[in-house]
Amino acid sequence: PSPQVIRLEAERTAEIVALAAGRLRAGELVGIPTETVYGLAADATDGEAVARIFDAKGRPRFNPLICHVDGPEMAADYGVFDARAERLIDAFWPGPLTLVVPLRPGAAAHPLVTAGLDSIAIRWPRGIAGEIVTALGRPLAAPSANRSGRISATRAGHVVDQLGDRVSLVIDAGPCPVGVESTIVSLLEDAPRLLRPGGVAAEDIEAHLGRPLLRKAPGATIQAPGMLASHYAPRVPVRLEARNVEPGEALLAFGPAPLPGQEKASATLNLSASGDLVEAAARLFDGLAELDSVDPVAIAVMPIPQHGLGEAINDRLMRAAAPRPEREI
Ligand code: TXA
Ligand code: MG
């Protein structure tokens, strides 16, 4: 069965919000736009619906989900927020920042959402997702709407391609403006820790906290899904830090300077000809998917600076290029 796909038009917002909330209340999955990527959403208090998310994505159940709320008030029913959290919420919500905080005892989130942990990841997204949460009256558990390990969905068509038989409704709001997932910061220790670089630059968070974020977890346990080494993978191999183009390769370019052999590339896509990292982030997943679709020998990727949103872009690219576990492709 293919899902109902509805284009989000401003004058129909109320009707579409009500439709989505109805499907979610019935335990169905809905593909929702956020400012970062499309999410595969379920009512976070409905265990059966949340279980369907894991099943649809082929996602390991030890990997917890983000709870999407409609503001700090609902957030406080699910997590425990201290003064540092409040400072970050004031600065960045609604927006692409997820906070990992202690789970509030008695919180109504189903334990599958948190994978049984005593912490919870919470964010307030921009746009219609927050309005759907308000209409439902409960948070939405929503991972990125891609099959586990694959390229994240930044267009409604990506959701339909990867998960079309699993969702009842996809709301098409066009391409996601940020284009990479939210930044995840853990506030479980005295020192705030960056678990995943994302749509808010780590430097901006550090400026608001007045201290640097810790970057590396002690020990080798998985703290965020990104830590599964291979993720965001196109079908074809990815070669990073390319200084040339090999025959048969496609080129993911960045900046104004051409690369030796570029004219031989089977396809070329420039993330940002002017070298703008915000623009590059917005085009990253779509660009990877587009080059993947021409079936090149590999995708060669030009070096991307590591500051600002470059940290999130390079994180995704490193995982896209990581050795892949044996599996069906
Ligand atoms: O931008 C985003 O964050 C998107 C949109 C849909 O909101 N969502 C997203 O979800 O990227 P997902 O499931 O693909 O990534 C959620 C990440 C996972 O890496 C998970 O391990 C981590 O959040 N996470 C969730 N709960 C956690 C917790 N209690 N402690 C540590 N990490 C947690
Ligand atoms: Mg994901």
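Quick note: structure is the one above.
Residues numbered from 1 in each chain as written. Chains lettered and ligands numbered in written order. Predicted model: local features only at pLDDT ≥ 70, side-chain atom pairs only at ≥ 80, totals over all residues. Heavy atoms only, no water.

*Asks:* Describe the overall build of the protein, naming the residues involved and giving the relevant values.
*Replies:* Each helix and strand in the protein was counted, giving 10 helices and 14 strands. By the compact-globule yardstick of 20 Å for 329 residues, the protein fits well, its C-alpha radius of gyration being 19 Å. Dimensions of the protein, computed from the C-alpha atoms along their principal axes, are close to 60 × 50 × 40 Å. For the protein, the residues scored as buried account for 57% of the 329 residues in total. Nonlocal contacts in the protein, meaning residues at least 24 apart in sequence, comprise 68% of its contacts between residues at least 6 apart. Total accessible area on the protein is roughly 13,600 Å²; 53% of this is exposed by carbon and sulfur atoms. (Helix = DSSP H or I, 4+ residues; strand = E, 2+ residues; numbered from the N terminus. Rg over C-alpha atoms; globule rule 2.2 N^0.38 Å. Buried < 20%, exposed > 50% of the residue type's maximum accessible area, 1.4 Å probe, protein only. Contact = heavy atoms within 4.5 Å. Areas by Shrake-Rupley, 256 points an atom, 1.4 Å probe, with all protein chains shown as cover.)

*Asks:* Can you break down the packing of aromatic side chains residue by residue, with the values?
*Replies:* Per the counting criterion, the structure on display carries two aromatic pairs. An angle of 75 degrees between the planes, with centres 6.3 Å apart, marks the rings of F81 and W93 as edge-to-face. One end of the pair, F81, is in the loop between α3 (72-78) and α4 (83-92); the other, W93, is in the loop between α4 and β5 (97-102), with 12 residues separating them in the sequence. Side by side, F81 and W93 carry an identical accessibility label, which is buried. Their ring planes at 25 degrees and their centres at 5.5 Å tell us that Y232 and F285 sit as a pair that is stacked. Here Y232, found in the loop between α8 (202-209) and β11 (238-239), pairs with F285, found in helix α9 (residues 277-293); they are 53 residues apart in sequence, far enough to count as distant. (Phe/Tyr/Trp six-rings, centres within 6.5 Å; stacked < 30°, edge-to-face > 60°.)

*Asks:* Describe the sheet that holds β11, and please don't skip the residues or the numbers.
*Replies:* In spatial order, the strands read β11-β14-β12-β13; together these four strands make up an open sheet with parallel pairing. At either margin of the open sheet sits one strand with a lone partner, and together these are β11 and β13 (268-270). Bridge count between β11 and strand β14 (residues 299-301): two bridges; the pairing is parallel. Residue pairing in the sheet places V238 in a bridge with I299 of β14. Strand contacts of α9: β12 (250-253), β13 and β14, with the helix running at about 170 degrees to β12, the strand carrying the most contacts. (Pairing = 2+ DSSP bridges. Axes fitted to C-alpha atoms, helices over the stretch in contact; angles between N-to-C directions.)

*Asks:* Give a description of the packing of α9 against helix α10 (residues 310-321) that names residues and reports values.
*Replies:* Two numbers describe how α9 lies on α10: the axes approach to 9 Å, and their chain directions differ by 20 degrees. One finds that α9 runs roughly parallel with respect to α10. In terms of crossing hand, the pair formed by α9 and α10 is left-handed. Residues L277, A280, A281, L284, F285 and L288 of α9 touch α10, and the partners they reach there are G310, I313, R316 and L317. The class makeup of the residues in the contact of α9 with α10 is eight nonpolar, one polar and one charged. (Parallel < 35°, antiparallel > 145°, perpendicular 65-115°, else oblique. Left-handed = near helix turned anticlockwise from the far one by under 90°. Nonpolar A, V, L, I, M, F, W, Y, C, P; charged D, E, K, R; others polar.)

*Asks:* Can you break down the pairing of strand β9 (residues 183-186) residue by residue, with the values?
*Replies:* The alternating pattern of β9 places T183 and V185 on one face and I184 and S186 on the opposite face, and all of these are buried. Relative to β9, β5 runs parallel, the two sharing four bridges. Bridge pairing links T98 to I184 in β9. Two strands pair when backbone bridges link them, and β9 and strand β10 (residues 193-196) are joined in this way by three bridges, in the antiparallel orientation. Note that in β10 the partner of S186 across the bridge is R193. Linkage of β9 to β10, two consecutive antiparallel strands, is achieved through a turn of six residues.

*Asks:* An account of the packing of α4 against α8 is requested, with residue identities and associated values reported.
*Replies:* Running from N to C, α4 and α8 point in directions that differ by 125 degrees, and their axes come no closer than 10 Å. By the angle class used here, α4 and α8 are oblique. Regarding α4 and α8, the two cross each other, and that crossing is right-handed. Residue-level inspection shows R84, R87, L88, A91 and F92 of α4 in contact with α8, the latter providing D204, I205, H208 and L209. Partitioned by chemical class, the residues of the contact of α4 with α8 number five nonpolar, one polar and three charged.

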